[in-house]
Amino acid sequence: MTSTTRLTVAQALVRFLSAQYTERDGTRHRLNGATWGIFGHGNVAGIGQALVEYGDVMPYHQGRNEQAMVHAAVGYARQSGRLSTHAVTTSIGPGATNLVTGAALATINHLPVLLLPGDVFAARPADPVLQQLEVPYAGDVSVNDCLRPVSRYFDRITRPEALIPSALQAMRVLTDPVETGAVTLALPQDVQAEAYDWPEEFFAERTWVVRRPGADPTELAEAVRAIRGARRPLLVAGGGVHHSRAEAALAEFAAVTRIPVASTQAGKGSLRFDHPQDVGGVGHTGTATADELARTADLVIGVGTRYTDFTTASGTLFAHPDVRFLNLNIAPYDGHKLAGMPLIADARSGLMELTTALDMHAYRVGASYVAEYTEDKERWEQRVDACYEADEPDVRPTQPQVLGVLDALVDESDVIINAAGSLPGDLHKLWRTRSRDQYHVEYGYSCMGYEIPAAIGVKLAAPERRVWALVGDGTYLMMPTEIVTAVQEGVAIKVLLVQNHGYASIGGLSEETGAERFGTAYRHRAADGTFTGAPLPVDLAANAASLGMRVLRAKTVSDLREALAEARDADTPTCVYVETQTADTVSGPPPAQAWWDVPVAETATRPSAVKARELYERHVSTRRRHL
């Protein structure tokens, strides 16, 4: 007879989660390292009570914003190589709907996070209840259904015994390198508190093996033939290189073949910046070196990339008339993009197999090609030096100079986190990545507000690392709330807060597209009704200090050097606040080296829009579909 234990649904779920593990390459990891929660009537007596009951096996973190809790869990998951994550519990109503943005971010970036929103009563003793959405045509819909399209797996647990198959499916998806993303188990508040006799086997330790599939022999042979036939191949490293921990395999592949390696935002750091084959970021925010190689490549080898519009310059970058694509990807959906030749495999396994096969054929790209991209890379590095150079240390820095001061200070143990604004473009072009996980820019969803909570998640996953959240003023105002959490838990993140008085990135884009920077500056309203008056007297440094963070103000380049060095050595949450020199320009780095499609008004009377449309049509004419 099967032995059972009588627990509530919430208690059973917490106990189940504490016994789940992942394993890859012989190393075991706890799958769910902790649970974040903000409690309301929809989860306080269920999951909340269960976390009290099982506090010895399930750590708990107190959040201030539901979206931010998901960002923290995502940061933890990415730093953990997708082998561990956190759960997030909320009440019903706005607590649940606040999860949607974070869930979208997790799913788009293929990062695992478990969402446990409360839900309305399954038994419907009163209808409607507080915060319930009434849908006249469907009695089984709640606000949690907003999470369906942004979740890789979704279920509503309306009876206790339904938790068993659903929880197992949830773990399967979280640990599947192809399917992973946000997983949502909606928990009606009455079901959370309902007791059931659970089979003890449900709570047994389970290890979910994260597989490394190798390549199909036929696909591998075709891939080798394609590479051997290419004169100007270019490898584009995406986030899948990091997820697979394939950095060493990529370095070996590049050293053997001498094929240059460009990187997407998610893939940057796949090679160290000083590796001979690293040519920097590719696409709209890429380097001149990588983008020129992309324009002339006859074979593009995509490894673990989704080929977003930033990478392909909206279909205008890969311009060789006979260009072909070879896509090494664990996901067939991505492996077939751009009518590419698929090589469906784990990134590390596939790269190792390719290296072995090509080395057997003594394949190398031509010496003239190596000399070409090496010289181009040296010229680009000189441009980076010029951007970083601060000839006048007693003046306010530009944004690239801010990055230059930080670049001179950090080593491979530092982690740099960013997500939105003008900083991602500057970082992709300029930052010199020193280790495989130093560069942490979330650009799949480019979500303002990600940086500070994600930094907390990264620091929890790697407490020995120095973790920097690079934040613009627009992003800071979106979500500074988790500073309180960092202070409460003593998580010694470093926040570099850059004040440029508005949405600098979108301001620049607005100007380019004929919208004249409308609605992008943080300024007083002028007499003509536009926001072109004096900058707003907002003191973000004082705001950060009011939330409990230690704040260092830097007015000049010299001040900034001292403040960043002091913050780097700090063992408490510390913010460095700096106002940049050019508040009405994007940032001052080299301009975009490739186009990005943002449609411009087809008809307009204002000269700026008419001129922008003419330029837009010239760019559109160069776009192609790779079929």
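See the structure above.
Residues numbered from 1 in each chain as written. Predicted model: local features only at pLDDT ≥ 70, side-chain atom pairs only at ≥ 80, totals over all residues. Heavy atoms only, no water.

J.: What exactly am I supposed to notice about the overall build of the protein chain here?
T.: The helix and strand inventory of the protein chain stands at 24 helices and 23 strands. For the protein chain, whose C-alpha radius of gyration is 25 Å, the value lies close to the compact-globule estimate of 25 Å for 627 residues. The C-alpha extent of the protein chain, read off along each of the three principal axes, is 75 × 70 × 55 Å. In the protein chain, the share of contacts with a sequence separation of at least 24, taken over all contacts with a separation of at least 6, comes to 77%. (Helix = DSSP H or I, 4+ residues; strand = E, 2+ residues; numbered from the N terminus. Rg over C-alpha atoms; globule rule 2.2 N^0.38 Å. Contact = heavy atoms within 4.5 Å.)

J.: Mind showing me how you'd approach the layout of surface pockets here?
T.: Picture a little ball the size of a water molecule; that probe, rolled over the atoms, points out where space is still empty. Estimates place the volume of the largest pocket at around 1,100 Å³. Forming the boundary of the largest pocket are 47 residues, of which H284, S505, L509, E512 and W596 lie nearest the centre. Of all the secondary-structure elements, those providing two or more residues to the lining of the largest pocket are α17 (423-430), α19 (473-478), α21 (504-512) and α24 (607-620). The greatest single-element share of the lining of the largest pocket, amounting to 6 residues, is contributed by α21. Across the lining of the largest pocket, the residue classes tally to 24 nonpolar, 19 polar and 4 charged. (1 Å grid on protein atoms, 1.4 Å probe; cavity = no way out; pocket = protein on both sides within 12 Å on 5 of 7 lines; lining within 4 Å. Points joined across faces, edges and corners; volume = space filled by probe spheres on them. Nonpolar A, V, L, I, M, F, W, Y, C, P; charged D, E, K, R; others polar.)

J.: Which parts of the structure should I look at to understand the packing of aromatic side chains?
T.: Between two aromatic rings, the relevant description is the distance of the centres plus the angle of the planes. A full pass over the atoms with the stated rule returns 12 aromatic pairs. Judged by centre distance (5.7 Å) and plane angle (20°), the rings of W198 and F202 are stacked. Clustering of aromatic rings is evident, with ring pairs tying together F16, Y196, W198, F202 and F203. Here the basic side chain of R28 rests over the ring of Y21, its NZ or CZ set 3.8 Å away from the ring centre. Looking at R434, its charged tip hangs above the ring of W431, at a distance of 6.0 Å from the centre. (Phe/Tyr/Trp six-rings, centres within 6.5 Å; stacked < 30°, edge-to-face > 60°. Lys NZ or Arg CZ within 6 Å of the ring centre and 35° of its normal.)

J.: Hey, could you run me through the pattern of salt bridges in this one?
T.: Side chains that differ in charge, positive against negative, can pair when their charged atoms come close. Under the defined criterion, the tally for this structure stands at 34 salt bridges. Among the salt bridges present, the one from R396 reaches E579, with a minimum N-O distance of 3.7 Å. In this pair, R396 sits in the loop between α15 (367-388) and α16 (399-409) while E579 sits in strand β23 (residues 574-579), placing the two residues 183 residues apart along the sequence. What makes R396 partly exposed here is its relative accessible area of 36%. Under the relative-accessibility criterion, E579 is labelled partly exposed at 24%. Salt bridges sharing partners connect three or more residues here, namely D25, R212, D346 and R348. (Salt bridge = Lys/Arg side-chain N within 4 Å of Asp/Glu carboxyl O. Buried < 20%, exposed > 50% of the residue type's maximum accessible area, 1.4 Å probe, protein only.)

J.: Would you explain the sheet that holds strand β16 (residues 324-329) in this entry?
T.: Strand pairing in a sheet relies on backbone hydrogen bonds, with the paired strands running either antiparallel or parallel. Ordered in space as β14-β13-β12-β15-β16-β17, the 6 strands form an open sheet in which the pairing is parallel. The open sheet is flanked by β14 (278-281) and β17 (341-344), the only strands paired with a single partner. The mean angle between the axes of side-by-side strands here comes to 20°, regardless of whether they run parallel or antiparallel. The sheet contact formed by strand β12 (residues 233-237) and strand β13 (residues 261-263) spans 3 bridges and is parallel. Of the residues in β13, the one forming a bridge with A237 is S263. (Pairing = 2+ DSSP bridges. Axes fitted to C-alpha atoms, helices over the stretch in contact; angles between N-to-C directions.)

J.: In this structure, what is going on with the packing of helix α10 (residues 247-257) against helix α14 (residues 347-360)? I would like to understand it.
T.: Between two packed helices, what matters for the description is the angle formed by their axes and the separation of those axes. The contact between α10 and α14 brings their axes to 9 Å, and the two run at 20°. Put simply, α10 runs roughly parallel to α14. In this structure, α10 crosses over α14, and the sense of that crossing is left-handed. Along the contact surface, α10 presents A249, L250, E252, F253, V256 and T257, while α14 presents R348, L351, M352, L354, T355, L358 and D359. A class-by-class count of the residues in the contact of α10 with α14 yields 8 nonpolar, 2 polar and 3 charged. (Parallel < 35°, antiparallel > 145°, perpendicular 65-115°, else oblique. Left-handed = near helix turned anticlockwise from the far one by under 90°.)

J.: It is not clear to me how helix α6 (residues 163-174) should be interpreted in this structure. Could you clarify?
T.: Along an α-helix, a turn takes 3.6 residues, which lines up residues three or four apart on a common side. A rise of 1.5 Å per residue sets the reference length of α6, with its 12 residues, at 16 Å; its end C-alpha atoms lie 16 Å apart and thus fit the reference within 8%. Taken together, the buried positions of α6 are L163, S166, A167, A170, M171, V173 and L174. Take α6 and look down its axis: the buried residues cluster within an arc of 165°, on one side only. (Expected span 1.5 Å × (residues − 1). Arc of directions from axis to C-beta.)

J.: What is the right way to look at unusual backbone geometry in this model?
T.: Going from D127 to P128, the amide bond is cis rather than trans, its omega being 10°. Tracing the backbone through its elements, the reader meets P128 in the loop between β7 (113-119) and β8 (153-156). A positive phi angle, near 55°, is found at S314, a position not held by glycine. Counting through the fold element by element, S314 comes out in the loop between α12 (309-312) and β16.

J.: Which parts of the structure should I look at to understand the pairing of strand β2 (residues 20-24)?
T.: The two faces of the sheet receive side chains in turn, since in a regular strand these alternate between them. Across the 5 residues of β2, 4 count as buried, placing the element largely inside the fold. Inspection of the sheet shows β2 paired to strand β3 (residues 27-30) by 4 bridges, in the antiparallel sense. In the sheet register, E23 faces β3, and the bridge partner there is R28. Linkage of β2 to β3, two consecutive antiparallel strands, is achieved through a turn of 2 residues, within which D25 is found at a positive phi near 55°.

J.: Explanation requested: the side chain of S349 in the structure shown.
T.: Its location among the elements puts S349 in helix α14. Exposure remark for S349: the relative accessible area of 15% places this residue in the buried category. Those residues in contact with S349, other than ones at most four positions away along the chain, are R212, P213 and G214.

J.: Where do I start with the state of the cysteines in this structure?
T.: Between two cysteines, a covalent bond joining their sulfur atoms is known as a disulfide. On inspection of all chains with the given rule, the structure shows 0 disulfides. This cysteine, C575, is not joined by any disulfide, and C447 carries the nearest cysteine sulfur, 20 Å off. In this structure C575 comes out as buried when scored by relative accessible area, which is 1%. (Disulfide = S-S within 2.5 Å.)

J.: How should I be thinking about the sheet that holds strand β21 (residues 494-499) in this particular structure?
T.: Sheet architecture is open: 6 strands sit in the order β19-β18-β20-β21-β23-β22, paired in parallel fashion. Two strands in the sheet have a free side with no partner beyond their single neighbour: β19 (439-441) and β22 (550-554). Neighbour-to-neighbour, the strand axes of the sheet open up by a mean angle of 20°, direction not taken into account. On the sheet, α16 packs against β18 (414-418), β20 (466-472), β21 and β23 and is oriented at approximately 160° with respect to β21. Together, β18, β19, β20 and β21 form the strand contacts of helix α18 (residues 451-461), whose direction differs from that of β20 by roughly 175°.

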